[in-house]
Structure formats: structure tokens, C-alpha cells
Amino acid sequence: RDAARGLSAAFVTPGVYQGMKLRAMTQSPFGGSKGFAAPSRGRMLAPIGGLQMRGKGNKAAKEAAKEAAAEEAKAARIHFISNMIKDDLESGKHENVLTRFPPEPNGYLHLGHAKSVNLNYGVAKEFGGVTNMRFDDTNPVKEDQEYVDSIKEDVRWLVSGSTDGPDPWNGEVRHASDYFETFYEAAKYLINQDLAYVEELSAEEMKEYRGSLKQPGRNSPHRDRPKEESLDLFERMRAGEFEDGSMCLRAKIDMSSPNLNMRDPALYRIRRATHVMTGDKWCIYPMYDYAHCLSDALEGITHSLCTLEFEDHRPLYDWFVDKVLDSGLIEARPRQTEFSRLNLQYTVLSKRKLIQLVEDKHVNGWSDPRMPTLSGVRRRGYTPEALRL
């Protein structure tokens, strides 16, 4: 109660405390000890678990009540993702559980990311599995080694309990850039199967041809160019013969699809930028939707867990995996499952807006205690246990 009054100018609100498992009932408002519920209609409620029992059988009854409460708490923690994984293991669909946490290294982790970290590492641990740490580093313009280092530090702190604790992830840290050559070969395979083509429309023209939620898109004039021509142009794109933005590679799916993500999305764009991991080796980079699903497949991820804004992307995720499977470049077929993202009232969790606060020097960096980043709340004195779901 006192803490809530003292944080009126900070990002945390009383509602946030409830979301972070800081329960009001852990301390009686009248100075009592843990185990008392809040007063109701002017009278004190009994200690949680029932009134003190007397007489024969009291000990046995208390033990039974304790076991029942433990079972009830355990059942309450079961959610649809746990049930799905349990069914997959019991049916023999999977023999083990392998999840992943795939942040983009373009900013610090914030409180919203804590849910994804806890979920991916938590369900894997629950079923005796492991979690890969993979950086989806497909946009070198916005990525920085500082972000890579901070993300690893935050995940160690949240999962292992200490910034310098043991690495909680499976094996070495992975990067989407580790698979750039495979992505490139897969793109060439799609071109040869007449499932992709090189586009020369400008970004504005592509947007116009794409249509809207109420109107179907139109086929690009380059959509039916011979696959041999597209393959030649794509190889020359990699060789650096064309200017940034002059061409891109698109999947050939369905320009009339009600799902805008399926209207011939881009797979590759030309972008001359030095990459943190690969340097200047590449001047074409894969798009996130294309690289993400193939990375999951290459690593053998059994359950690809992401937030609900990617629900409409799932058909595209499946399309890429299904089409590339026939090439032999990947063997696994991961399953994408969405969960609701974590939002906090009166708290900014948009990475774009947090970057603006940092760049415009409204705060003293990403670790400013006023920031809702994991490094910021750590400086405020939060413990990792307070953020675990």
C-alpha cells in the first residue's frame, strides 16, 4: 500500500503489482502476518486455509487441506500450451520438447519480454526439455552488439537468478545469420519451383498493387517472368550489381488472399549494411517471416511460441516450411502457437517509443530506473522472482 502511494510518478502502478504476483494478501493491512486475506465489510476474515481446528484428527485434516491446496494451485497453473505439449508427448508426436527465445537485437528487453522468456523456458523445463537462445539478426541497420550483450545478461538474470550466473539456454547462442547460406539456397529452390520471383516495382507501387482488406491485390507485371530470369537476377542481387531498394525477391502465393500476409510477401531485399556477425559478406538480407520459420525448422524446434500479433502470419509460416521441406534443406516441421502479449496499464512497452526516449535523452539510457526495461527494474531493486509467471 505504501509502495503504491510512493510510485505515483513512476511507471509502475498498483495494478502492475498484482500482475507481478505481489499479492495484497501477503501482508495484513492491519499489520498481521502472511496468511490473512483483506478485510471485507468491516470485519477480519479468517486465516487462509480455514479456522484453527481443535480436537482429534486435527493434524491429519490440516495435512489433507494442505495437499488439496497444493493440488489446486498446481491445476491452476496448467494452461492450453502445457496441455498441448502434454498431448504431443503422450501421442508420440514429439519425444522431447525444444522451445526457443528469439529476440531481435535492436533494443533492450522490457517487461513484456519477461512473459515470453518465462513461458518458453518454463514449459520446456516443466516437460524436461530445453530452450535455444537465438538472435533473429536479419536487419543489420537497427542491430548492435550492445543489445546482444544486454539481452543475454537479462535472460541469465531472469531465468538463472543472476546476471553472471550460468547460461540457461541450450548449448551455444544461435543466430539467424548462422543460416544465411541455407536461406539463400532455399530461396533459389523456391525460384526453381516457380514459387518465387524477382520484383522490380518500387515500395510505393508494391503497396498499391497489394490491395486492402476490402479489395484484392493485383498481380505484379513481373510475377510471370521466367524462373530462369528470376534466378539470374537473384544471383546478381547477391553479387551486388543492383542498387538498394531497386529489386526484391517475393514469394508467389495468392494476391487475392483475404490474408494480406499471403499476398506475395517479400523474402529478400537489397541492403548494404555491415552486419554484427557477418560483416560485409552479404548485401541482401532475408525478411523476418521467411528467416524465422526456417530457423525454427533447422533447429528442430518442437513448439514455436509467439504473441498473438503473429497469428495472421501463421499461414505464411506454414507455407514456407511446407514448400522448403521438399528441398531436403530442412527436415523438421515446427508448429507455431500464439499466446497473449503482456501489456501494463499506463506503461509504455513499445520498443520504438522506448528507443525514442533514449535517443532524445529524456532518460539516462536503457537502464534508467524509470524505464520499464528488465535492466531498469533490476536497478530499482526488483528480484527475478517478482517477474516470473
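Read on for an overview of the structure. Since the structure is predicted, the reported quantities are computational estimates derived from the model, not experimental observations. (Residues numbered from 1 in each chain as written. Predicted model: local features only at pLDDT ≥ 70, side-chain atom pairs only at ≥ 80, totals over all residues. Heavy atoms only, no water.)

**With respect to the sheet that holds strand 2 (residues 130–135)**
Then, number 1: The strand order across the open sheet formed by 3 strands is 1-2-3, and the pairing between neighbours is parallel. The open sheet is flanked by strand 1 (98–101) and strand 3 (174–175), the only strands paired with a single partner.
Then, number 2: Sheet topology note: the strand 2/strand 3 ladder contains 2 bridges and is parallel. When the sheet's bridge partners are listed, Phe-135 is paired in strand 3 with His-175.
Then, number 3: Contacting strand 1 and strand 2, helix 5 (residues 111–126) runs over the sheet at an angle of about 160° to strand 1. (Pairing = 2+ DSSP bridges. Helix = DSSP H or I, 4+ residues; strand = E, 2+ residues; numbered from the N terminus. Contact = heavy atoms within 4.5 Å. Axes fitted to C-alpha atoms, helices over the stretch in contact; angles between N-to-C directions.)

**Some points on the pairing of strand 8 (residues 303–307)**
Then, number 1: Counting buried positions over the 5 residues of strand 8 gives 5, a clear majority of the element.
Then, number 2: Here strand 8 shows no split at all, with His-303, Leu-305 and Thr-307 on one side and Ser-304 and Cys-306 on the other all buried.
Then, number 3: When strand 8 meets strand 9 (residues 335–339), the two strands line up parallel, connected through 5 bridges. When the bridges of strand 9 are listed, Leu-305 appears paired with Thr-337.
Then, number 4: Handedness of the crossover is the feature at issue here: the chain leaves strand 8, passes through helix 11 (residues 314–325), returns alongside strand 9, and the resulting connection is right-handed. (Buried < 20%, exposed > 50% of the residue type's maximum accessible area, 1.4 Å probe, protein only. Right-handed = clockwise from strand over helix to strand, strands pointing away.)

**Comments concerning the packing of helix 4 (residues 80–91) against helix 5**
Then, number 1: At a closest axis distance of 11 Å, the pairing of helix 4 and helix 5 adopts a crossing angle of 40°. Regarding the angle of helix 4 to helix 5, the classification is oblique. For the pair helix 4 and helix 5, the sense of crossing is right-handed. For the pair helix 4 and helix 5, the contacting residues are Ile-81, Ser-82 and Ile-85 in the first and Leu-119, Val-123 and Glu-126 in the second.
Then, number 2: Broken down by class, the residue content of the contact of helix 4 with helix 5 amounts to 4 nonpolar, 1 polar and 1 charged. (Parallel < 35°, antiparallel > 145°, perpendicular 65-115°, else oblique. Left-handed = near helix turned anticlockwise from the far one by under 90°. Nonpolar A, V, L, I, M, F, W, Y, C, P; charged D, E, K, R; others polar.)

**Digging into the nonpolar core**
Then, number 1: Residues Phe-183, Phe-234, Leu-249, Tyr-268, Ile-284 and Tyr-290 are the most contacted members of the largest nonpolar core, which totals 41 residues.
Then, number 2: Secondary structure elements with two or more residues in this core: helix 7 (180–192), strand 4 (196–199), helix 9 (227–238), strand 5 (248–251), strand 6 (266–270), strand 7 (284–286), helix 10 (288–299) and helix 11.
Then, number 3: The biggest single contributor to this core is helix 7, with 8 residues.
Then, number 4: Discounting residues that sit within four places of it in the chain, Phe-183 has contacts with Ala-176, Tyr-268, Pro-286, Tyr-290, Ala-291, Leu-294, Ser-295 and Leu-298. (Core = buried A, V, L, I, M, F, W, Y, C linked by side-chain atoms within 4.5 Å.)

**Observations regarding the pattern of salt bridges**
Then, number 1: Enumeration over the complete set of coordinates arrives at 25 salt bridges.
Then, number 2: In this structure, Glu-200 engages Arg-225 in a salt bridge whose closest nitrogen and oxygen atoms are separated by 2.7 Å. Of this pair, Glu-200 sits in the loop between strand 4 and helix 8 (203–210) while Arg-225 is found in the loop between helix 8 and helix 9, placing the two residues 25 residues apart along the sequence.
Then, number 3: Residue class for Glu-200 comes out partly exposed when judged on its relative accessible area of 35%.
Then, number 4: Here Arg-223 ties to Asp-264 by a salt bridge, and the two come within 2.7 Å at their closest N and O atoms. Of the two residues, Arg-223 sits in the loop between helix 8 and helix 9 while Asp-264 sits in the loop between strand 5 and strand 6, which places them 41 residues apart along the sequence.
Then, number 5: What makes Arg-223 buried here is its relative accessible area of 10%.
Then, number 6: Each of Arg-100, Arg-134, Asp-136, Asp-296 and Glu-299 takes part in one network of salt bridges that share partners. (Salt bridge = Lys/Arg side-chain N within 4 Å of Asp/Glu carboxyl O.)

**Points about helix 10**
Then, number 1: Over its 12 residues, helix 10 extends 16 Å from the first C-alpha to the last, a length consistent with the 16 Å expected when each residue adds 1.5 Å.
Then, number 2: The element helix 10 is extensively covered by neighbouring structure, given that 9 of its 12 residues are classed as buried.
Then, number 3: Within helix 10, burial applies to Tyr-290, Ala-291, His-292, Cys-293, Leu-294, Ser-295, Asp-296, Ala-297 and Glu-299.
Then, number 4: Gly-300 lies just past helix 10 and shows a positive phi near 75°. (Expected span 1.5 Å × (residues − 1).)

**Some points on the packing of aromatic side chains**
Then, number 1: Inspection of the entire model under this criterion finds 15 aromatic pairs.
Then, number 2: Note on Tyr-108 and Trp-366: the rings are 5.3 Å apart at their centroids and 5° apart in plane angle, and the pair reads as stacked. Taken together, the residues Tyr-108 in the loop between strand 1 and helix 5 and Trp-366 in the loop between helix 12 (351–359) and helix 13 (374–380) connect sequence positions 258 residues apart.
Then, number 3: Classification of Tyr-108 by relative accessible area gives buried; the value is 11%.
Then, number 4: Note on Trp-366: relative accessible area 6%, which makes it buried.
Then, number 5: A ring pair is formed by Tyr-290 and Phe-320, whose centres lie 5.3 Å apart and whose planes are at 75°; its orientation type is edge-to-face. With Tyr-290 in helix 10 and Phe-320 in helix 11, this residue pair connects regions lying 30 residues apart in the sequence. Across this residue pair, the class does not change: Tyr-290 and Phe-320 are buried.
Then, number 6: Seen from the ring of Tyr-184, Arg-238 lies directly overhead, with NZ or CZ sitting 4.6 Å from the centre.
Then, number 7: The aromatic ring of Trp-157 is capped on one face by Arg-378, whose charged end is 5.0 Å from the ring centroid. (Phe/Tyr/Trp six-rings, centres within 6.5 Å; stacked < 30°, edge-to-face > 60°. Lys NZ or Arg CZ within 6 Å of the ring centre and 35° of its normal.)

**Details of the sheet that holds strand 4**
Then, number 1: Overall, antiparallel pairing links the 4 strands, which are arranged 4-5-6-7 in an open sheet. In this open sheet, the two strands that pair with only one neighbour each are strand 4 and strand 7. Taking each pair of neighbouring strands and ignoring which way they run, the sheet shows an average axis angle of 20°.
Then, number 2: Where strand 5 and strand 6 come together, 3 bridges link them in antiparallel fashion. Residue pairing in the sheet places Leu-249 in a bridge with Tyr-268 of strand 6.
Then, number 3: Each of strand 4, strand 5, strand 6 and strand 7 touches helix 9; the most contacted strand, strand 4, lies at about 60° to it.

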